Amino acid sequence: MRRAILLPAGAPAIALGLALTLALAMTLTLLTGPAAQAAPVVVGSKRFTESYILGEILRQTLVRGGVPAVHRQGLGNTGILVQALASGAVDVYPEYTGTIVREILGQGGNPSLDAINAALAPRGLKAAVPLGFDNTYALAMREDQAQALGLTRISDLARLAPGQLKLGLSHEFRDRADGWPALQRAYGLPQQGGAALDHGLAYQALRAGEVDLIDAYATDAQLSRPGLRVLIDDRHVFPQYRAVLLMRSSIDPRALAVLQGLQGRIDAAAMRAMNAQVELEGRSFAEVARGFVAPKAASAGPGLAPPPAARGWAGFAARLLAPDLGRLLAQHLALVLGSVAAAVALGVPLGIAAWRRPALGAWLLGAVGVLQTVPSLALLAFLIAALGAIGFWPALLALTLYALLPIVRNTQAGLAGVPAGLALAGSALGLTPRQTLWSVQLPLARPTLLAGVKTAAVINVGTATVAAFVGAGGLGDRIVAGLAVNDRALMLAGALPAALLALAVQGAFALVERRLGR
């Protein structure tokens, strides 16, 4: 007698996860296949105001020159962008000669551009198009405190007690070889770097008295405001940071020819003024770049961003519902749904294995638990190095790993809660162990399993915001850009849709649970 094949009520969740994962992989494979040969030039930028503006100037310059281009903005630090260049995920981004020499090449001094390019050639990279300004590092303090302590030069800091000043250094400056460590060695400074502070928040913290000393860039708009003192680098420790374009050696010659038109066109005053338009007047990066690339069109063209007065809290609704909202939501949903689907496809079998073999289960649960403790940016940096790419794939894989714990744990706990007698009853009815699992035990464990999937989905809605640091898009783009210019309204314009999306996901799972409960 042929046994009937029983389709369990718990199978659709697993099948759906597999189907979504396969569909997502096939779609992205098609998008990155032969059509990638006609892909636009990818411009990158770091996570601070000036880099955002310069990246947008590059994109708009290329587009006006007839070369398709996209801007992947706010891609973390130097290491991430260099890896992106090496993998081909980014073609060009604005960089500084001092950073290239010390952080990328591990050298010293102020070599010429030809010498820099000779060292970059084995890496398949080159530096070109000097933009016309030098943006070296500086140290800034409040004027009243510097005057009270008699501080005018960096060497004056050596006579202060280690805890007399509270430092608010940026992460990169605190740790990079040509930053705070170089100053400590050259000046014999007793102060320690301490906890790092994002550069976008540093000036506000300094004026509020929360920190006493910050690192700054020579073209920072905030330095033009009264009440601040820049300490003189009297031993000339800081190297030259001439702004150039760092690019792949294989960049499209048409793109390079167009970008050559930017050579020498931006001096320090012009760069400082553009930074001020973003940080002090509240204009968007694209608007400021448009004013430089096409000043006449920017002053008279249609579709410009609203005037600065409407860009604070008063214009919050317009910023929240800006045209990029649909695109960012779609990117965010793709990351969340794709990662949860992949985690279901991987986590449910792992949960079953943990339930069937308790000794193995302890190791499995411990391993996925450890993954939860890895900082998201550290995991993303590791995955970028492992995959040789930035953007969607490392972000999707990181989110998948973070989603495993609740799914594996709840699958194991749900199956452990099914009475053992039901498995015996199934065997008595002639069901194989596999049929008993799929037709009896998994359906009964479904409420607990589904609760784990819901937890993973809701958590990943929030965690997916960090994908913006590696160019994967999503609502984190607004949060990161707002952090770069200390714009609370812009940060909230990204955080609020993410919170509402988390509530919507939770509500959708509640409806599914109610329907399945019937």
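Note: the structure precedes this text.
What this report covers is the structure whose coordinates are included nearby. Please read all numbers here as calculations on a predicted model, not as lab measurements.

### Concerning the overall build of the chain
- Looking only at helices and strands, the chain features 22 helices and eight strands.
- Out of the 518 residues belonging to the chain, those deemed buried represent 48%.
- For the chain, the accessible area works out to roughly 23,100 Å², and carbon and sulfur atoms hold 63% of it.

### Considering the pattern of salt bridges
- A full pass over the atoms with the stated rule returns 14 salt bridges.
- Between Lys454 and Glu513 there is a salt bridge, and its shortest N-O distance comes to 3.6 Å. Residue Lys454 is located in helix H20 (residues 433–463), and its partner Glu513 is located in helix H22 (residues 488–517); the two are separated by 59 residues in the primary sequence.
- Under the relative-accessibility criterion, Lys454 is labelled buried at 19%.
- Overall, the relative accessible area of 27% leaves Glu513 in the partly exposed class.
- Residues joined by salt bridges that share partners form a network here, namely Glu103, Glu172 and Arg176.

### Looking at a nonpolar patch on the surface
- A grouping of Leu387, Trp393 and Leu397 is seen on the molecular surface, where their side chains present a nonpolar patch of about 260 Å² in accessible area.
- When you line up the elements, Leu387 lands in helix H17 (residues 376–387).

### A short note on the pairing of strand S5 (residues 137–142)
- Most of S5 sits out of view: six of its six residues are buried.
- The two faces of S5 match: Tyr137, Leu139 and Met141 on one face and Ala138, Ala140 and Arg142 on the other face are all buried.
- Note: S5 against strand S6 (residues 214–217), four bridges, orientation antiparallel. The residue of S6 that forms the bridge with Leu139 is Asp215.
- The sheet contact formed by S5 and strand S7 (residues 228–231) spans four bridges and is antiparallel. What sits directly across from Ala140, in S7, is Val230.

### Considering the sheet that holds S6
- With antiparallel pairing, the three strands of this open sheet are ordered in space as S6-S5-S7. Taken across any chain shown, the strands that pair with only one partner, and hence form the sheet edges, are S6 and S7. Strand-to-strand twist across the sheet, computed as the mean angle between neighbouring axes with direction ignored, equals 45 degrees.
- Helix-sheet contacts for helix H9 (residues 199–207) involve S5, S6 and S7, and the interaxial angle to S6 is about 125 degrees.

About the thresholds
Residues numbered from 1 in each chain as written. Predicted model: local features only at pLDDT ≥ 70, side-chain atom pairs only at ≥ 80, totals over all residues. Heavy atoms only, no water. Helix = DSSP H or I, 4+ residues; strand = E, 2+ residues; numbered from the N terminus. Buried < 20%, exposed > 50% of the residue type's maximum accessible area, 1.4 Å probe, protein only. Areas by Shrake-Rupley, 256 points an atom, 1.4 Å probe, with all protein chains shown as cover. Salt bridge = Lys/Arg side-chain N within 4 Å of Asp/Glu carboxyl O. Patch = residues over 30% accessible without salt bridge, like charges linked within 9 Å, V, L, I, M, F, W, Y side chains within 5 Å. Pairing = 2+ DSSP bridges. Axes fitted to C-alpha atoms, helices over the stretch in contact; angles between N-to-C directions. Contact = heavy atoms within 4.5 Å.

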